[in-house]
Amino acid sequence: MATMASDDEAAPELLESEDEGESGAESFLTEDELAYDEGLDPAEDYDDQQDGHTEPCTSGEEDANHSAYCEEDGSSLSVTRGHKRKRSPHSTAKSWKTENDPDICPPPNRFVPARPPGHQLNSNNKHMPLDLFKLFLSNEAISTLCENTNKQAAKNIGKGKKYSWTDLDVPEFLNYVGLTFFFSLVKLDNICDYWKKNTIFSVLFPADVMSQDRYRVISWNIHMSDPEEDVENDRQKGTPQYDHLFRLNPLMDTIKHACNTFYHPRQKLLIDERTIVRKNHAGMIQKGAAKPNKLGFKLFVLSDSSNGYILDFAVYTGKSRFESGTGLAYDSVMTLIKSAHLGSGYNLFLDSFYTSPKLFKDLLSLNVGACGTYRDNRRGCPTTHSNALTKKDPKGTLRWIREPPVVYVKWKDFCEVSICSTVHQAFSGHTVERRVKSEDGKSTVGFIPCPTPVMEYNKYMGGADMLEQLTQSYSVHHKTSRWYRLLFLHFLEIAATNSFLLHKELCREKHEEPMTHRAFLEELTAQLCGVTVAVPPTKGPSGHLPVPISNQPDASKRASYGRRTCVQCRLIKKEYQSTPWKCRECDVALCLIADRNCFEAWHE
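Residues numbered from 1 in each chain as written. Predicted model: local features only at pLDDT ≥ 70, side-chain atom pairs only at ≥ 80, totals over all residues. Heavy atoms only, no water.

As recorded in an unreviewed UniProt entry, the chain goes by the name PiggyBac transposable element-derived protein 4-like, listed as coming from Haplochromis burtoni.

**Thoughts on the overall build of the chain**
Helix and strand counts for the chain come out as 17 helices and 20 strands. Per-residue burial over the chain gives 52% buried out of 604 residues. Sequence separation of 24 or more characterises 70% of the internal contacts of the chain that already satisfy a separation of 6 or more. (Helix = DSSP H or I, 4+ residues; strand = E, 2+ residues; numbered from the N terminus. Buried < 20%, exposed > 50% of the residue type's maximum accessible area, 1.4 Å probe, protein only. Contact = heavy atoms within 4.5 Å.)

**Details of the packing of helix α2 (residues 129–136) against helix α14 (residues 483–510)**
Packing of α2 against α14 leaves a shortest axis separation of 8 Å and a crossing angle of 125°. As far as their axial angle goes, α14 and α2 are oblique. Relative to α14, the crossing made by α2 is right-handed. In this structure, α2 uses L132, F133, L135 and F136 to contact α14, whose residues at the interface are L492, A495, A496, N498, S499, L502, H503 and L506. Within the contact of α2 with α14, the residues separate by chemical class into 9 nonpolar, 3 polar and no charged. (Axes fitted to C-alpha atoms, helices over the stretch in contact; angles between N-to-C directions. Parallel < 35°, antiparallel > 145°, perpendicular 65-115°, else oblique. Left-handed = near helix turned anticlockwise from the far one by under 90°. Nonpolar A, V, L, I, M, F, W, Y, C, P; charged D, E, K, R; others polar.)

**Describing the packing of helix α3 (residues 139–158) against helix α4 (residues 170–185)**
Packing of α3 against α4 leaves a shortest axis separation of 10 Å and a crossing angle of 95°. Considering their axes alone, α3 and α4 lie roughly perpendicular with respect to each other. Packed against α3, whose contacting residues are N139, I142, S143, L145 and C146, the element α4 presents V170, F173 and L174 at the interface. Grouping the constituent residues of the contact of α3 with α4 by class yields 6 nonpolar, 2 polar and no charged.

**Some points on helix α8 (residues 249–261)**
Look at α8: 18 Å from first C-alpha to last across 13 residues, which is about the 18 Å you get at 1.5 Å a residue. By the burial criterion, the buried members of α8 are N249, L251, M252, I255, A258, C259 and N260. Those residues of α8 that are buried are in contact with α2, α3, β4 (263–264), β8 (310–315), α10 (339–342) and α14. (Expected span 1.5 Å × (residues − 1).)

**Comments concerning the pattern of salt bridges**
Overall, the coordinates contain 18 salt bridges when judged by the stated rule. Ionic pairing is found between R247 and D230, a salt bridge with its closest N-O pair at 3.8 Å. Highlighted residues: R247 in the loop between α7 (227–234) and α8 and D230 in helix α7, separated in sequence by 17 residues. Considered together, R247 and D230 belong to a single accessibility category, that of buried residues. In this structure, R434 engages D413 in a salt bridge whose closest nitrogen and oxygen atoms are separated by 2.9 Å. Here R434, found in strand β15 (residues 431–437), pairs with D413, found in the loop between β13 (406–412) and β14 (416–421); they are 21 residues apart in sequence, far enough to count as distant. Linked through salt bridges whose partners overlap, the residues forming this network are E147, K151 and D226. (Salt bridge = Lys/Arg side-chain N within 4 Å of Asp/Glu carboxyl O.)

**Digging into the pairing of strand β16 (residues 443–449)**
Here β15 runs beside β16; their pairing, made up of 7 bridges, is antiparallel. Across the sheet, residue T431 finds its bridge partner in β16, namely P449. Linking β15 to β16, which pair antiparallel, is a turn of 5 residues; within it G441 sits at a positive phi near 90°. (Pairing = 2+ DSSP bridges.)

**So, the packing of aromatic side chains**
By the definition in use, this model includes 23 aromatic pairs. Seen from their ring centres, W483 and Y484 are 5.6 Å apart, and the 85° between their planes marks the pair as edge-to-face. Judged by relative accessible area, W483 falls into the buried class, the value being 1%. Taken together, the aromatic side chains of F173, Y176, F182, F183, Y194, W195, F205, Y215 and F488 make up a single cluster linked through ring pairs. (Phe/Tyr/Trp six-rings, centres within 6.5 Å; stacked < 30°, edge-to-face > 60°.)

**A short note on the environment of A258**
Considering the arrangement of structural elements, one finds A258 in helix α8. Separated by 123 residues in sequence, A258 and L135 have C-alpha atoms that sit 6.6 Å apart. With sequence-adjacent residues up to four places away left out, A258 is seen in contact with L135, F136 and Y309.

Following this line, the structure appears as structure tokens:
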């Protein structure tokens, strides 16, 4: 799960004095809410089968975020809920099979995308970084945002806020966004440090774009929705008509529409949760699902596994109301998978929070295959202990059960791995390198069997790590007391990241070398601020220039008329050399010939 932090070291501080009660969706800390905090889905997980379950592993690398993974010591994640839930019917499987038992690979789904996979732009046009960024934040969307920001500023001033305000327009907003990206590239602890003067640590560029006070007052008033309509929505709090994401919707809908419009995914998709860290807020803050993250806003993200391009996302509102009655995990996946837009024949990779037999079967009914790690206490998963893995089994031991259309596989790595799939066979001869103990007890490097779903899962879930690296390397997040402004900054990250990935797709098509991520952001920052990345060389003092002593109109007399003794020759060399040249600023005669450049020596 990707986590965007906004702590003191990683992000500049830009705080307001109060939150005015605009805290979004409240958290009532129901049993379901507590379950989600622990990474569980009460609609799918039950706790009366066992008092714990194992978080799967496969890669053996303890720092791998999106491989089927657990600690090398075999530690597991405890599941001890205080309430009992009715189990679904038990699996009908009688016994686990081994790698020596043949398994039939299911026929591959016919891949029929709704559009040709890849970017949906005209390759003949030249697309600068700012052009790509404006695909996600068009001038129309920015004009709406500026209008709502101006209304919010007027509202705050009417409430007694003591600051001056001039209406924000599109060019100034672009400058503001450009500075925000500049801060992500040039890291300082506090916003005010970017305007610090007369020190060796001074940064000159921000003051040339706008003043510190102007940047801060824009940040305080950035508003995506109409403040007048906010009031109407806030009156609906506590009723089904209340929209928890009302303050996000105008810009969020624009970004999501652009994400879908300008790119179509390749066959391998993945869904992962991301947590945007936000301290001291009691609204939509959520802990990352069973992962060591601080409190934050949870987003469910659908992306292309090949490059990490974000196709769609959903913000978790902190409520446990599900129309389908099948839980958060099921609903979040089915909401993001839109067959009418995507087409059919896709393969989806998921982590254990989402995986369930019901979800996999319903996805297959949409001609979407699925593969993911699963939890032993999830409803409908095999519960038989006949021929099951044991703690004494060596590394590489595997067991599988096929309950069409799903194959369930357990594999012994550093700990027990549980994974299931509707698109793979249980084992097809793959091996992985691991350190194992030989018969004499010595540790050696060898190869052990590895199930096909594990190999494919580790291969394609890497897109989540790719996306996380892109967004976290140059995060624009800074502290703000408004929850929706934190998400506004995240929307800027999504727009910039997808713009960069479109740039790479265009360059790949033209067989050109793409810019690096940093170079792309630098160019985007410069274009937003109306400057170039390359700074022109500093000009020397304009006053110290060689000029003729005598302004003779006759060109034949300029070299001989008005000559004076060179000051440099007289003072330093004790010679009396005459010259027709002088310094305009100093008004002293100085030699300026190939063998004797007294003009340069004098000014040194």
